[in-house]
Amino acid sequence: MTRVSYDIVIVGSGAGGGTVAQELSSLCAQGARIAVLEKGPRLRDEEFTGRELEMAGALYEDGGGFLTSDGAMTLAMGCVYGGSTAVYTGTSMLPPERIIRRWNVPGLAYADLECRACKFMAQNNVHLLKDDLINENNKLFVAGCRKLNYNVEQFPVNIKGCRGSSLCNLGCPNQAKQGTDRVQLPKAERNGVEVVTRCQVLTIGEKTLAARVAAKPAGAKGDPSPWEPGDYQIDAKVIVLCAGAVNTPALMLRSNMQKGIPRLGCGFTCHPAMIMVDEHPQPITNFVGHPNSYYLDQFAESDHFVLETCMYFPFITAKSLAGFGEPHSAFMRAFPRLQMILVLACDKADAINRVTIDAAGKPMVDYRFQPEAIHGLIQGAITSAKISFAAGAKRVHMPVARHTTIEASDAPRLDDIAAAAEFKPGRTPVSAAHLQGGCGMGSNPSDSVTDAQGRVHGLPWLFVADASLFPDSLEINPYITIMTLADRVAERIQAEAPALLGR
Amino acid sequence: MPLDLPPTIFRAVVSTIVPESSSLDNQEWQGLVQVIEALLRDRPESLKRQLRLFLNVIEWLPLIRFGRPFTRLSPDARARVLTHLQNDRIEKIRVGFWGLRTIVLAGYYGRPQAAAAIGYAASPKGWEALR
């Protein structure tokens, strides 16, 4: 066991960890020692090949195959330098004001978040893509929405020098996305923050962490860890947990911190999602261009769903189509003619859905689909199909129908064809990538895990700064909101640095 | 195969889930198997045991209804057996089939040849590659 000590240790390097690292890095000039511990590797630019299974294995927790405890839903989380910011599409949304008001966290004001969000949007080159860079997969969505008089909107994205590879979710091969791996972490490192990759934190105790650094497996992508493989005890005056909505609560549970914090792990939400796949008569540009450029959120309040354009890779597409055999293969063979739309359900924090750990301390996510979420997925699938047909699709894959291939002639009957009875966990392909909650903010230990600036109740040296802080679902892509909350945490640590760090 | 999946049953299941796999030659089939082996390499042994068990259940379950094991059924009858598992009222059975289906689809569509065959040609060069 090697023993080292730091002033501040940040666990995780995604939207939260990268932000905290950057914002606190100015303390290094005053002599503070700061380390970021990241479980995943740091890849070299040339290692981002865009090959599906190869990149999934290198960039995602469990190679992208992390499942809820009942096995019915896949949860995607980045496990690499930059965390999930290395594998998102760069869609950069202000937190919705109605949601922040609904969260009702004392001390958390929308205006404050908006101001911070604007700072990070400027920092990450957030802008609207020009029309000549929009592919037909996106344009058909816009055309279908407009034909139906829906309020389709364009996503601001944080890209710079995008070549339109469409491979965002496999890590941009052109380093165009401005995630924490490209912006905040490099700046933090220039200022003196150390980033230790392949370093998994096993448990935390009073101002100390037990961690294990793994050797680089033979043939694996990425650099070896800057630290020698082995077990470490890391002492720190301040610990900031930014390991995401699954791993942060799991780490605290593994460290027996639930005593006195009964809400630990509770309130998990994830925007469960279905990928709608629709076939057009003619080839369209789909696997070229930014995949995720438009969205429709006008039904978020009334019907609990948001639609977004998307485009996935052969295996993920195959997995997202329900069923098997010839009808399934027919859609796959039509790949150059496929339009894809992501249906995101706006799930709500409840008493059942939560993060736990198994006997070995590994994270588990207990998740049951709520009636509102099922309603959102069904209505979202119907609306998505209407949009595709309005845009000229000749058939639609409907994962929540008895017969999943719906021809254009059946479009008028969509409301009857798609049915909640056909939504069956384990049969209906559902996945999620917007993992939230588990360490929700609030005012006291009976309703939350942390206060409004991420300090864990009763533990002045321990902070949380990631999506696990969300008291409920955000109902839109979360990374900008994570950065704003992490910024608040960093600001507080800086303000209290004399007391916390003795400087 | 090193995973010790019963090869005849496994091939019959794969060709029912992805009919095109029937035309894979030996080398292509080995490619599919290698993709699956790589995916499962770091998975718990218990998962691999469950997979083997599930394949054996698929083989012998049709005896009740069809009087023959899965591998001796017609393609249509095989599809009916798998459809039954996919829609089973017991969620654990549906999830089991889901897991098997996922592995099969990864093995087939995770191969670059399959991606090319369906016309998928994404390139890091993006728009430039298209023009």
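Keep in mind the model is a prediction, meaning the values are calculated, not measured.

Some thoughts on the overall build of chain A
Part 1 of the argument: In terms of regular secondary structure, chain A is built from 14 helices and 19 strands.
Part 2 of the argument: Seen through its principal axes, chain A has C-alpha atoms that stretch 70 × 45 × 45 Å.
Part 3 of the argument: In chain A, which comprises 503 residues, the share counted as buried stands at 61%.
Part 4 of the argument: The long-range fraction of contacts in chain A, counting pairs at least 24 apart against all pairs at least 6 apart in sequence, stands at 75%.

What about the domain arrangement of chain A?
All names here are of chain A.
Part 1 of the argument: Each domain of chain A was delimited in the assignment, giving domain 1 (2-61 + 76-125 + 167-263 + 439-501) and domain 2 (131-156 + 273-346 + 370-424).
Part 2 of the argument: Across the contact, ten residues belong to domain 1 and eleven residues belong to domain 2.
Part 3 of the argument: Residue composition of the side of domain 1 that touches domain 2, grouped by class: four nonpolar, four polar and two charged.

Details of helix 4 (residues 110-123) of chain A
All names here are of chain A.
Part 1 of the argument: For helix 4, which comprises 14 residues, the first-to-last C-alpha distance of 20 Å matches the rise-based estimate of 20 Å (1.5 Å per residue) to within 8%.
Part 2 of the argument: As for helix 4, its buried residues are in contact with helix 3 (97-103) and helix 13 (479-495).
Part 3 of the argument: Of the residues one or two after helix 4, Asn125 is the one with positive phi, at around 60°.

Some thoughts on the nonpolar core
A general feature of soluble globular proteins is that nonpolar side chains tend to end up buried together.
Residue and element names in this part refer to chain A.
Part 1 of the argument: One finds Val9, Val240, Val343, Leu377 and Ala381 to be the most contacted residues of the largest nonpolar core, which totals 206 residues.
Part 2 of the argument: When residues of this core are assigned to domains, at least three fall in each of domain 1 (2-61 + 76-125 + 167-263 + 439-501) and domain 2 (131-156 + 273-346 + 370-424).
Part 3 of the argument: Once you skip the residues sitting within four places of it in the chain, Val343 turns out to touch Ala273, Met274, Met276, Phe305, Leu307, Leu377, Gly380, Ala381 and Ser384.

Observations regarding the pairing of strand 2 (residues 34-37) of chain A
Residues and elements named next belong to chain A.
Part 1 of the argument: Taking every second residue as pointing to the same face, both faces of strand 2 are buried, with Ile34 and Val36 on one and Ala35 and Leu37 on the other.
Part 2 of the argument: Sheet analysis places strand 2 next to strand 6 (residues 194-196), joined by three bridges and oriented parallel. Bridge pairing links Ala35 to Glu194 in strand 6.

Observations regarding helix 2 (residues 26-40) of chain B
Part 1 of the argument: Taking 1.5 Å of rise per residue, the 15 residues of helix 2 of chain B would be expected to cover 21 Å, and the 21 Å separating its terminal C-alpha atoms lies within 8% of that figure.
Part 2 of the argument: Among the residues of helix 2 of chain B, Leu32, Val35, Ile36 and Leu39 of chain B are the ones counted as buried. Buried residues of helix 2 of chain B, viewed axially, fall in a sector of 95°; they line one side. Set apart from the buried face of helix 2 of chain B by more than 90 degrees, the exposed residues are Asn26, Gln27 and Gln30 of chain B.
Part 3 of the argument: Elements in contact with the buried residues of helix 2 of chain B: helix 2 (52-59) of chain A together with helix 6 (91-109) of chain B.

Observations concerning unusual backbone geometry
Residue and element names in this part refer to chain A.
Part 1 of the argument: For Asp62, which is not a glycine, the phi torsion comes out positive at approximately 55°.
Part 2 of the argument: As for its position among the elements, Asp62 is in the loop between helix 2 and strand 3 (66-67).
Part 3 of the argument: Judged by local crowding, Asp62 falls into the partly exposed class, with 16 C-beta atoms found within 10 Å.
Part 4 of the argument: Unusually for a residue other than glycine, Ser166 sits at a positive phi of about 70°.
Part 5 of the argument: Structurally, Ser166 is set in the loop between strand 5 (153-154) and helix 6 (184-190).

Section: the packing of helix 5 (residues 75-86) of chain B against helix 6 of chain B
Residues and elements named next belong to chain B.
Part 1 of the argument: Packing of helix 5 against helix 6 brings their axes to within 7 Å, and their N-to-C directions diverge by 125°. Overall, the two elements helix 5 and helix 6 adopt an arrangement that is oblique. Residue-level inspection shows Leu82, Leu85 and Gln86 of helix 5 in contact with helix 6, the latter providing Ile93, Arg94 and Phe97.
Part 2 of the argument: Residues of the contact of helix 5 with helix 6, tallied by class, amount to four nonpolar, one polar and one charged.

Notes on the interface of chain A and chain B
Part 1 of the argument: Taken together, the 33 residues of chain A in the interface contact 36 residues of chain B.
Part 2 of the argument: For the side of chain A that touches chain B, the secondary-structure elements that each account for two or more residues are helix 2, helix 9 (314-320) and helix 10 (326-333) of chain A.
Part 3 of the argument: In terms of residue class, the side of chain A that touches chain B is built from 14 nonpolar, eleven polar and eight charged.

Rules used throughout
- Residues numbered from 1 in each chain as written.
- Chains lettered and ligands numbered in written order.
- Predicted model: local features only at pLDDT ≥ 70, side-chain atom pairs only at ≥ 80, totals over all residues.
- Helix = DSSP H or I, 4+ residues; strand = E, 2+ residues; numbered from the N terminus.
- Buried ≥ 20, exposed ≤ 12 C-beta atoms within 10 Å, placed from the backbone.
- Contact = placed C-beta atoms within 7 Å.
- Domains from an automatic or database assignment.
- Nonpolar A, V, L, I, M, F, W, Y, C, P; charged D, E, K, R; others polar.
- Expected span 1.5 Å × (residues − 1).
- Core = buried A, V, L, I, M, F, W, Y, C linked by C-beta atoms within 7 Å.
- Pairing = 2+ DSSP bridges.
- Arc of directions from axis to C-beta.
- Axes fitted to C-alpha atoms, helices over the stretch in contact; angles between N-to-C directions.
- Parallel < 35°, antiparallel > 145°, perpendicular 65-115°, else oblique.

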